[in-house]
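Below are the chains, spelled out letter by letter.
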Amino acid sequence: MISISKFRPTANPKTSFNRSLHFVPTQVNFRMVVYESISCPFCGQSFELAVDTSSASQRFTTDCEICCRPFEVIAECEPGEITNLEVI
Ligand SMILES: [Zn+2]
């Protein structure tokens, strides 16, 4: 498992505040996609992964762009920013 911790602890008082903003126009979602460089657990190559930061906590499967093997990613986000990214 490779863990990449970024910027600051996940406990942030701003998170609950941002979740209450339901009236944000859908166009803003384009800005919610953040590209993060991650390393493949199989071949070790790094590539850019697009993460939709409008979800505070998410877990999904993606394919390595180099060796095409699938692996799981756990991402914790604040709107427009990835706070924690784990590759399993
Ligand atoms: Zn790979």
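As shown above, the structure is provided for reference.
Residues numbered from 1 in each chain as written. Predicted model: local features only at pLDDT ≥ 70, side-chain atom pairs only at ≥ 80, totals over all residues.

**Details of the environment of threonine 83**
Quick reminder of the rule: Secondary structure elements are taken from DSSP: a helix is a run of H or I of four residues or more, a strand is a run of E of two residues or more, and numbering for both begins at the N terminus.
Along the chain, threonine 83 turns up in strand β6 (residues 81-87). Placed 26 residues apart in sequence, threonine 83 and serine 57 show a C-alpha to C-alpha distance of 9.9 Å.

**A look at the environment of valine 34**
Spelled out, the test is: Here a residue counts as buried when 20 or more other C-beta atoms sit within 10 Å of its C-beta, as exposed when there are 12 or fewer, and as partly exposed otherwise, the C-beta atoms being derived from the backbone. Contact between residues is assigned whenever the C-beta positions, reconstructed from backbone atoms, fall within 7 Å.
Tracing the sequence through the fold places valine 34 in strand β2 (residues 33-39). Note on valine 34: 17 C-beta atoms within 10 Å, which makes it partly exposed. The spatial distance from the C-alpha of valine 34 to the C-alpha of proline 79 is 9.5 Å, given a sequence separation of 45 residues. With residues near it in sequence (within four places) discarded, valine 34 still touches Val51, Thr53, Gly80, Glu81 and Ile82.

**Quick word on unusual backbone geometry**
Not every positive phi belongs to a glycine, and cysteine 68 is a case in point at roughly 65°. Among the structural elements, cysteine 68 can be located in the loop between β4 (57-63) and β5 (70-78).

**Some points on the environment of glutamate 48**
With respect to the helices and strands, glutamate 48 occurs in strand β3 (residues 46-52). The exposed category is assigned to glutamate 48, around which 9 C-beta atoms lie within 10 Å. For the pair glutamate 48 and glutamate 36, spaced 12 residues apart in sequence, the C-alpha to C-alpha distance is 5.4 Å. If we ignore the near neighbours within four places in the chain, the residues touching glutamate 48 are Tyr35 and Ser37.

**Looking at the pairing of β5**
Formally: Strand pairing is defined by DSSP finding a minimum of two bridges between the two strands.
Both β4 and β5 contribute to a ladder of seven bridges, which runs antiparallel. Residue pairing in the sheet places threonine 62 in a bridge with phenylalanine 71 of β5. Taking the residues between adjacent antiparallel strands as the criterion, β4 and β5 are bridged by six residues, where cysteine 68 takes a positive phi near 65°. With six bridges connecting them, β5 and β6 associate as antiparallel partners. In the strand pairing of β6, glutamate 78 is matched with glutamate 81. The turn joining β5 and β6, which pair antiparallel and follow one another in sequence, is formed by two residues; a positive phi near 85° is taken by glycine 80.

**A few points about the nonpolar core**
Filter applied, for reference: Here, a nonpolar core means buried Ala, Val, Leu, Ile, Met, Phe, Trp, Tyr and Cys residues linked by C-beta atoms lying within 7 Å of one another.
The biggest cluster of nonpolar side chains holds five residues, and these are Ile38, Val51, Ala75, Cys77 and Leu85. The residues contacting valine 51, other than those within four sequence positions of it, are Val33, Val34, Glu36, Ala75, Cys77 and Ile82.

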